[in-house]
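# Analysis of the macromolecular model
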Amino acid sequence: MSAEIVCIGQAVIDCITRGKEEKPHKKNVYRAERISLNPGGDALNEATILAHLGHRVKLVCGVGDDMAGNLIFHEMERQGVDVSDVTRTASLTTPIANLMVGMDGTRVSINSGATKLEGYIPSENVVKGAKVVSLASLFRAPLDTAPAIIRLAKAAKAEGAILCADTKIPTYRTLTLDDIAEILPLIDYMFPNENEGAYYTGETDYMAMAEHLRSRGVKNVIIKTGEKGCTVCGQEESFSLPAYPVDAVDSTGGGDNFVAGFISALLHGGSLRECCQYGTACAAICVQNMGAATGVKNRETVEEFMKGKNI
């Protein structure tokens, strides 16, 4: 049975350091509250959460035939994710990201050139039979060349799939909206965060960012605004939705959890607002835990969290 959701994009290993001391404990020695190793990357995070929420989901990514790549491959198998289109090859080095997380949950990331995934280009055949295709790392490898993005977007729509796009700010190869202008009208839902929205539109107001992307043809735009929630400009309505108030431990993957929750609610028939509410709940659960895919265990986790809460 084919996957109902296909997540295309990056899979990495996150080395997360939380609460590093500002001054060394001893000469050249620093302490931290916690250090953990977690599978990460936008496509992997979305795929994992969607599997936890009970969906048949396939991960499409490229990793090295190395320790980190094998960890990703076997962990995704263990999580119930379809890995039949995960490419493992000695020509790639699996990306590893260093994430420095403050005690308030905010973070900075350090990435290497391994994220360029030189030579890896997914086939359009990976979207066969999908109800939803998520371009989960749009503007980063392997979705950082116009031909690859255009080909995969057109293949998704030829399958009759809903096309989602979660954007990233480029680190090594630079694309603009103009480079993929022809497929922007094919995107049903786009999910930039506030920094990405400003980067791609030049706007500073959240609704102005969303309206700009809508003017380029994107059908529904959801600007993820972290602890502020989200701002939405859609075909049917426009609105802002606050986040659930929680004490954040680690913001890593909050946006990916939002997108996964949104897609899950969409496949369960939710309205645009209901999809945003469900995504917001998944994000809130995520940021209360270390690592991007440790918080949302199953649908019951989300339903229990949302019970009695209004936003």
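Residues numbered from 1 in each chain as written. Predicted model: local features only at pLDDT ≥ 70, side-chain atom pairs only at ≥ 80, totals over all residues. Heavy atoms only, no water.

One recurring pattern in soluble globular proteins is that nonpolar side chains are buried together. If you look at the biggest cluster of nonpolar residues, it comprises 53 residues, and the most contacted ones within it are Leu59, Ile222, Phe262 and Cys276. Element by element, the count of residues in this core is highest for helix α7 (residues 272-287), at nine residues. Setting aside residues up to four positions removed in sequence, isoleucine 222 forms contacts with Tyr189, Met190, Phe191, Pro192, Cys230, Thr231, Val232, Phe258, Phe262 and Cys276. (Core = buried A, V, L, I, M, F, W, Y, C linked by side-chain atoms within 4.5 Å. Buried < 20%, exposed > 50% of the residue type's maximum accessible area, 1.4 Å probe, protein only. Helix = DSSP H or I, 4+ residues; strand = E, 2+ residues; numbered from the N terminus. Contact = heavy atoms within 4.5 Å.)

Turning our eyes to something else, we now look at the environment of threonine 231. On the secondary structure map, threonine 231 appears in strand β12 (residues 230-233). Taking the C-alpha atoms as reference points, threonine 231 and leucine 241, 10 residues apart in sequence, are found 6.4 Å from one another. Here threonine 231 is in contact with Tyr206, Met207, Val221, Ile222, Ile223, Phe239 and Ser240, once residues within four sequence places are set aside. Looking at threonine 231, its side chain comes within polar contact range of the side chain of serine 240, at 3.2 Å. (Polar contact = N/O pair within 3.5 Å; in protein donor to acceptor, adjacent residues only side chain to side chain.)

Quick look at the sheet that holds strand β5 (residues 86-89) now. Spatially, β5-β4-β1-β8-β9-β10-β11-β12-β13 is the arrangement adopted by the nine strands of the open sheet, whose pairing is mixed. What marks the edges here is a single partner per strand, and that holds for β5 and β13 (238-241). Pairing geometry for strand β1 (residues 5-8) and strand β4 (residues 57-64), over four bridges, is parallel. Within β4, the residue paired with isoleucine 5 across the bridge is valine 57. (Pairing = 2+ DSSP bridges.)

The next thing to look at is helix α3 (residues 146-158). With 13 residues, α3 extends 18 Å between its outermost C-alpha atoms, agreeing within 8% with the 18 Å of an ideal straight helix rising 1.5 Å per residue. Taken residue by residue, α3 has Ala146, Ala148, Ile149, Ile150, Leu152, Ala153, Ala155 and Ala156 as its buried positions. Where α3 is buried, its residues touch β1, β8 (132-138) and β9 (162-167). Looking one or two places after α3, you find glycine 160, whose phi comes out positive at around 80°. (Expected span 1.5 Å × (residues − 1).)

All chains considered together, the criterion is met by one cavity of 30 Å³ or more. Within this model, the largest cavity holds a volume of roughly 60 Å³. What lines the largest cavity is Gln10, Thr115, Lys116, Phe139, Arg140, Ala141, Asp144, Thr171, Tyr172 and Arg173. For the lining of the largest cavity, a count of residues per class yields three nonpolar, three polar and four charged. (1 Å grid on protein atoms, 1.4 Å probe; cavity = no way out; pocket = protein on both sides within 12 Å on 5 of 7 lines; lining within 4 Å. Points joined across faces, edges and corners; volume = space filled by probe spheres on them. Nonpolar A, V, L, I, M, F, W, Y, C, P; charged D, E, K, R; others polar.)

The tally for this structure, following the rule as stated, stands at zero disulfides. Lacking any disulfide linkage, cysteine 233 is separated from the closest cysteine sulfur, that of cysteine 276, by 12 Å. Free cysteine cysteine 275: the closest other cysteine sulfur is in cysteine 276, separated by 7.0 Å. (Disulfide = S-S within 2.5 Å.)

Strand order in the open sheet formed by four strands is β3-β2-β6-β7, and the pairing between neighbours is mixed. The open sheet has two edge strands with one neighbour each: β3 (34-40) and β7 (107-110). Strand-to-strand twist across the sheet, computed as the mean angle between neighbouring axes with direction ignored, equals 20°. Of the strand pairs in this sheet, strand β2 (residues 12-18) and strand β6 (residues 96-101) are connected by six bridges, and their pairing is parallel. The residue of β6 that forms the bridge with isoleucine 13 is isoleucine 96. Packing against the sheet, helix α2 (residues 67-78) makes contact with β2, β3 and β6, and its axis sits at approximately 100° to β2. (Axes fitted to C-alpha atoms, helices over the stretch in contact; angles between N-to-C directions.)

This part is about the side chain of arginine 140. Relative to the helices and strands, arginine 140 is located in the loop between β8 and α3. Put simply, arginine 140 is tucked away with no salt bridge, and the nearest opposite charge, on aspartate 42, sits 5.7 Å away. (Lys, Arg positive; Asp, Glu negative; His and termini not counted. Salt bridge = Lys/Arg side-chain N within 4 Å of Asp/Glu carboxyl O.)

The positions UniProt marks with the feature "domain: Carbohydrate kinase PfkB" (unreviewed entry) are residues 3-296. Structurally, residues 3-296 comprises 29% helix and 23% strand, and the distance from its first C-alpha atom to its last is 20 Å. (UniProt positions renumbered as here; feature names shortened; annotations may be inferred.)

On the secondary structure map, threonine 252 appears in the loop between β13 and α6 (254-267). Threonine 252 gets classed as buried once you look at its relative accessible area, which sits at 3%. A polar side-chain atom of threonine 252 sits 2.6 Å from a polar atom in the side chain of aspartate 250. Among all residues touching threonine 252, those that are not within four sequence positions of it are Asp14, Ile16, Leu99, Val101, Arg107, Cys286, Gly291 and Ala292.

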